Amino acid sequence: MLVTGHTGFKGSWMSLWLHAMGADVTGFALAPPSDPSLFDAARIGDVVTHVQGDVRDLDAVRTVVAASRPEVIFHLAAQPLVRLSYAEPVETYATNVMGTVHLLDAARLVPGVRAIVCVTSDKCYENREWVWPYREGDPMGGHDPYSSSKGAAELVVSAWRRSFFADGGPLLASVRAGNVIGGGDWASDRLLPDLIRAFEAGVAPLVRAPDAVRPWQHVLEALGGYIQIAEQMLAGDARFADAWNFGPSDEDARPVSWIVARMRAAWGGNAADAVADTGPRPHEAGLLRLDCSKVRAALGWRAALSLEQALDWIVAWHRAIGDGADARAVTLAQIADYRTLSSRLVTRSAA
């Protein structure tokens, strides 16, 4: 099994989960994007075959795919930040678009690949700032370079599916998750990591868009959905070689201000109230929701954690690490707890 972007936040959680399931995982990525990082804290390199490389390098991508000969590929490598895409637009398109082209073309040339899951973003849609949630068939778009690059990556996936994989070869899906949050995210310029850094330092966090509404969800919700899609394709079900939304229930699409207040209450202690960030602010979407009825109908998938629970899990993760707990053990424990909760949800739904 190959995971690109395994040194990142989502990739680290995914690599640990797959290893816990008994998978032999090869990871391909740049060095961890932050210091500290979940990759280092949880010693992910000890449980995967770690290959450092860049998805912008076609030869390197071809080499790792040929050497690992995976049955399943999870493509998570990306430039994941909206505001950074304004500063580094060329790098953003090179990574998010051409990186996807490189991965898919390398997989096309290696026999034995059976399923590929390409992770894009809820921001791939042409956001009209309306109240209706976006469905998988809605137009791709994007005001900023990051969002546009994710829409373009979706078009790449669709083209490869129809041009090269329609009459054999791997089944290919794209997955679009909402704003993914969880313990071990130390990225810069993201709301939850910024809040935690401020709370730990005892300073007031800066918040730049308190009224912006996002589909917040715990990282395990999205990853669990990706794994289910891969399992269906690995079993040969071509219906799942398609695009899929994974997002929270409607009531968990909350404004930034709600997240800030709830996190401050959950953190307690000396957590300071937020102050407005009055610095330069390039355009970011103000309202974004996802329609997940397709995956609910096809898989019975739905969020197992409420947003309040997800935030409590994040606080518990960081509190435990701050008290000296082992990051890998804490992460694996939350994965195990989530798998239990989600399996109970499926059982109740079936009943």
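Residues numbered from 1 in each chain as written. Predicted model: local features only at pLDDT ≥ 70, side-chain atom pairs only at ≥ 80, totals over all residues. Heavy atoms only, no water.

The name given to the protein chain in an unreviewed UniProt entry is CDP-glucose 4,6-dehydratase, with Sphingomonas hengshuiensis as the source organism.

**Q** Summarise the overall build of the protein chain; cite the residues concerned and give the values.
**A** Within the protein chain, the regular secondary structure consists of 12 helices and 12 strands. The globule rule puts the C-alpha radius of gyration for 351 residues at 20 Å, and the 19 Å found for the protein chain is close to it. Dimensions of the protein chain, computed from C-alpha atoms along their principal axes, come out at roughly 60 × 45 × 45 Å. A buried classification covers 52% of the 351 residues belonging to the protein chain. Within the protein chain, counting contacts between residues at least 6 apart in sequence, those at least 24 apart form 81% of the total. By element, 52% of the accessible surface of the protein chain is carried by carbon and sulfur atoms, the whole surface being about 14500 Å². Each charge class in the protein chain can be summarised by its mean position, and for the 33 positive and 40 negative side chains these summaries are 4 Å apart. (Helix = DSSP H or I, 4+ residues; strand = E, 2+ residues; numbered from the N terminus. Rg over C-alpha atoms; globule rule 2.2 N^0.38 Å. Buried < 20%, exposed > 50% of the residue type's maximum accessible area, 1.4 Å probe, protein only. Contact = heavy atoms within 4.5 Å. Areas by Shrake-Rupley, 256 points an atom, 1.4 Å probe, with all protein chains shown as cover. Lys, Arg positive; Asp, Glu negative; His and termini not counted. Charge placed at Lys NZ, Arg CZ, Asp CG, Glu CD.)

**Q** Quick rundown of the packing of aromatic side chains? Include the residues and the values.
**A** Per the stated rule, a full pass over the model turns up eight aromatic pairs. Where Tyr125 meets Tyr134, the ring centres are 5.5 Å apart and the plane angle is 15°; that geometry is what we call stacked. Accessibility classification places Tyr125 together with Tyr134 in one group, the buried group. Taken together, the ring pairs in this structure connect Tyr226, Phe246 and Trp301 into an aromatic cluster. Above the face of the Trp244 ring, Lys294 is positioned so that its terminal group lies 4.5 Å from the ring centre. (Phe/Tyr/Trp six-rings, centres within 6.5 Å; stacked < 30°, edge-to-face > 60°. Lys NZ or Arg CZ within 6 Å of the ring centre and 35° of its normal.)

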